[in-house]
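Given next are the chains, with one letter for each unit.
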Amino acid sequence: MKSATNENELVDISTVSVDKTLSRDARIQEFVRQIRNPYHFKCGNFNITAKYAETGLTFEECLTLMMV
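Bear in mind that the values here come from a model prediction, so they are computed numbers and not experimental data.

Visitor: Can you tell me about the overall build of the protein chain, naming the residues and giving the values?
Guide: The number of helices and strands found in the protein chain is two helices and two strands. Secondary structure of the protein chain in N-to-C order comes out as α-β-β-α. A compact globule built from 68 residues would reach a C-alpha radius of gyration of about 11 Å, whereas the protein chain, at 14 Å, exceeds it by more than 25%. Based on the C-alpha atoms only, the size of the protein chain along its principal axes is roughly 35 × 30 × 20 Å. Expressed as a percentage of contacts within the protein chain between residues at least 6 apart in sequence, the contacts between residues at least 24 apart total 49%. Counting only carbon and sulfur atoms, one obtains 55% of the accessible surface of the protein chain, whose full area is about 5900 Å². Seen as two clouds, the 8 positive and the 9 negative side-chain charges of the protein chain have centres 5 Å apart.

Visitor: Give me the lowdown on the pattern of salt bridges, citing residues and values where you can.
Guide: On inspection of all chains with the given rule, the structure shows two salt bridges. In this structure, R24 engages D25 in a salt bridge whose closest nitrogen and oxygen atoms are separated by 4.0 Å. A salt bridge links R33 to E30; its shortest N-O distance comes to 2.6 Å. Of this pair, R33 and E30 both sit in helix α1 (residues 24-35), three residues apart, which is roughly one turn of the helix. Residue R33 is classed as exposed on the basis of its relative accessible area, which comes to 56%.

Visitor: So what about the environment of N37? Which residues, and what values?
Guide: With relative accessibility at 8%, the residue N37 sits in the buried group. Sequence-wise, N37 and L63 are 26 residues apart; in three dimensions their C-alpha atoms are separated by 23 Å. Of the polar contacts made by the side chain of N37, one reaches the backbone nitrogen of Y39; its length is 2.9 Å.

Visitor: Which residues make up unusual backbone geometry, and what are the values?
Guide: Positive phi outside glycine occurs at R36, with the angle close to 70°. Structurally, the position occupied by R36 is in the loop between α1 and β1 (40-43).

Visitor: An account of the environment of I28 is needed here, citing residue identities and associated values.
Guide: Counting through the fold element by element, I28 comes out in helix α1. By relative accessible area, which is 40% here, I28 ends up partly exposed. Counting along the chain gives 16 residues from I28 to D12, while the straight-line C-alpha distance between them is 17 Å.

Basis of the calculations
Residues numbered from 1 in each chain as written. Predicted model: local features only at pLDDT ≥ 70, side-chain atom pairs only at ≥ 80, totals over all residues. Heavy atoms only, no water. Helix = DSSP H or I, 4+ residues; strand = E, 2+ residues; numbered from the N terminus. Rg over C-alpha atoms; globule rule 2.2 N^0.38 Å. Contact = heavy atoms within 4.5 Å. Areas by Shrake-Rupley, 256 points an atom, 1.4 Å probe, with all protein chains shown as cover. Lys, Arg positive; Asp, Glu negative; His and termini not counted. Charge placed at Lys NZ, Arg CZ, Asp CG, Glu CD. Salt bridge = Lys/Arg side-chain N within 4 Å of Asp/Glu carboxyl O. Buried < 20%, exposed > 50% of the residue type's maximum accessible area, 1.4 Å probe, protein only. Polar contact = N/O pair within 3.5 Å; in protein donor to acceptor, adjacent residues only side chain to side chain.

What follows is the structure in structure tokens.
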């Protein structure tokens, strides 16, 4: 998977559109084809970088902890 390091190369996730009638695997492939790097993309004016830690906490649990 190509890593977009230049901010101008990042794809804005709001421009990604996937046909919901496709199979699950085909939807995933189409999403990745359009977003290019699902771990580094834009959402409006924000650059999003996904990283994983070995804490065992889910994304939802982390969000909940941030809001408490």
